[in-house]
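The primary structure of each chain is shown beneath.
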Amino acid sequence: MNATDRTPADLLRSALAADPGRPLVTFYDDATGERVELSVATFANWVAKTANLLQGDLGAQPGDRLALLLPAHWQSAVWLLACSSVGVVAEVGADPAGADLVVSGPDTLEEARACSGERVALALRPLGGRFPQPPAGFADYAVEVPGQGDRFAPFAPVDAAGPGLVVGGEELSQAEVVARAAEDAAKAGTAGARVLSGLGYDGWEGLSAGLYGALATGGSVVLCRNLDRLAPQALAQRVESERVTHTAA
């Protein structure tokens, strides 16, 4: 984290400049057996493509509200950073009826239809796969994102003091997200650590441990979905094989 880093997108740019090859997000889904490892460079590429989709094809502007109806998942992390890159406010688990756009997983499509703006659906299948049958009224993220540009530049500057994230009913500015994540990591002793998190993204604690803390302190995260399906012995083996130094579960 540099002194000039005031938004989560700034943190990602600094991480990319410092060491693009280091692991940033390693994702497990213990319901499907999926494992995905994303280096800083790979993660940043997904963020750039998603930000281009958000700003270009979906017409999102700074200050727009995006209802994010996704679980803790590597693609959810990508969307959070894409929102920061454009200046869009990511409202985690928000009512889609009050949002300008909605991004939904496969289990919340009916709820997401309440949004009168642009709708994007993610199948959340292994390897970022698309829906076998695209849901009516939604753009399939896996179809739309591959053709987007690998570099992103916002049409308008992103205000670090402006709203960036709404979670658990609390609104945080972009700068507050960065500062709070760094403070959390310092208090927990996880600055620069490799943290295994089984927490959801529906609360600040899960977002801090499972994404923002790693970005703010030069660490990395092993993000686990459906961790309750993993036997204790298998969890211990994962901690060892992934060289985890701290656990938040």
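Residues numbered from 1 in each chain as written. Predicted model: local features only at pLDDT ≥ 70, side-chain atom pairs only at ≥ 80, totals over all residues. Heavy atoms only, no water.

Comments concerning the packing of helix 1 (residues 8-18) against helix 3 (residues 74-86)
Part 1 of the argument: Between helix 1 and helix 3, whose axes approach to 7 Å, the crossing angle comes to 105°. Here helix 1 lies roughly perpendicular to helix 3, going by the angle between them. Touching Pro-8, Ala-9 and Leu-12 of helix 1 are Leu-81, Ser-84 and Ser-85, all from helix 3.
Part 2 of the argument: For the contact of helix 1 with helix 3, the class distribution of residues is 4 nonpolar, 2 polar and no charged. (Axes fitted to C-alpha atoms, helices over the stretch in contact; angles between N-to-C directions. Helix = DSSP H or I, 4+ residues; strand = E, 2+ residues; numbered from the N terminus. Parallel < 35°, antiparallel > 145°, perpendicular 65-115°, else oblique. Contact = heavy atoms within 4.5 Å. Nonpolar A, V, L, I, M, F, W, Y, C, P; charged D, E, K, R; others polar.)

Concerning the pattern of salt bridges
Part 1 of the argument: Tallied over the entire structure, the rule returns 12 salt bridges.
Part 2 of the argument: Across the salt bridge formed by Glu-91 and Arg-65, the nearest N and O atoms sit 2.9 Å from each other. Residue Glu-91 is found in strand 4 (residues 89-92), and its partner Arg-65 is found in strand 3 (residues 65-69); the two are separated by 26 residues along the sequence.
Part 3 of the argument: Glu-91 sits in the buried class, given a relative accessible area of 13%.
Part 4 of the argument: The partly exposed category is assigned to Arg-65, whose relative accessible area is 22%.
Part 5 of the argument: By sharing partners, the salt bridges in this structure join Arg-35, Glu-37, Arg-194 and Glu-242 into a single network. (Salt bridge = Lys/Arg side-chain N within 4 Å of Asp/Glu carboxyl O. Buried < 20%, exposed > 50% of the residue type's maximum accessible area, 1.4 Å probe, protein only.)

With respect to the packing of aromatic side chains
Part 1 of the argument: Using the criterion set out here, one finds 4 aromatic pairs in the structure.
Part 2 of the argument: Between Trp-46 and Tyr-141, the aromatic rings sit 6.3 Å apart at their centres with planes inclined by 35°, giving tilted as the arrangement. Of this pair, Trp-46 sits in helix 2 (residues 40-57) while Tyr-141 is found in helix 5 (residues 141-144), placing the two residues 95 residues apart along the sequence.
Part 3 of the argument: Each ring, one from Trp-204 and one from Tyr-212, has its centre 5.9 Å from the other, and the planes form 15°; the classification is stacked.
Part 4 of the argument: Using a relative accessible area of 14% as the deciding quantity, one classes Trp-204 as buried.
Part 5 of the argument: Residue classification places Tyr-212 among the buried residues on the basis of a relative accessible area of 3%. (Phe/Tyr/Trp six-rings, centres within 6.5 Å; stacked < 30°, edge-to-face > 60°.)

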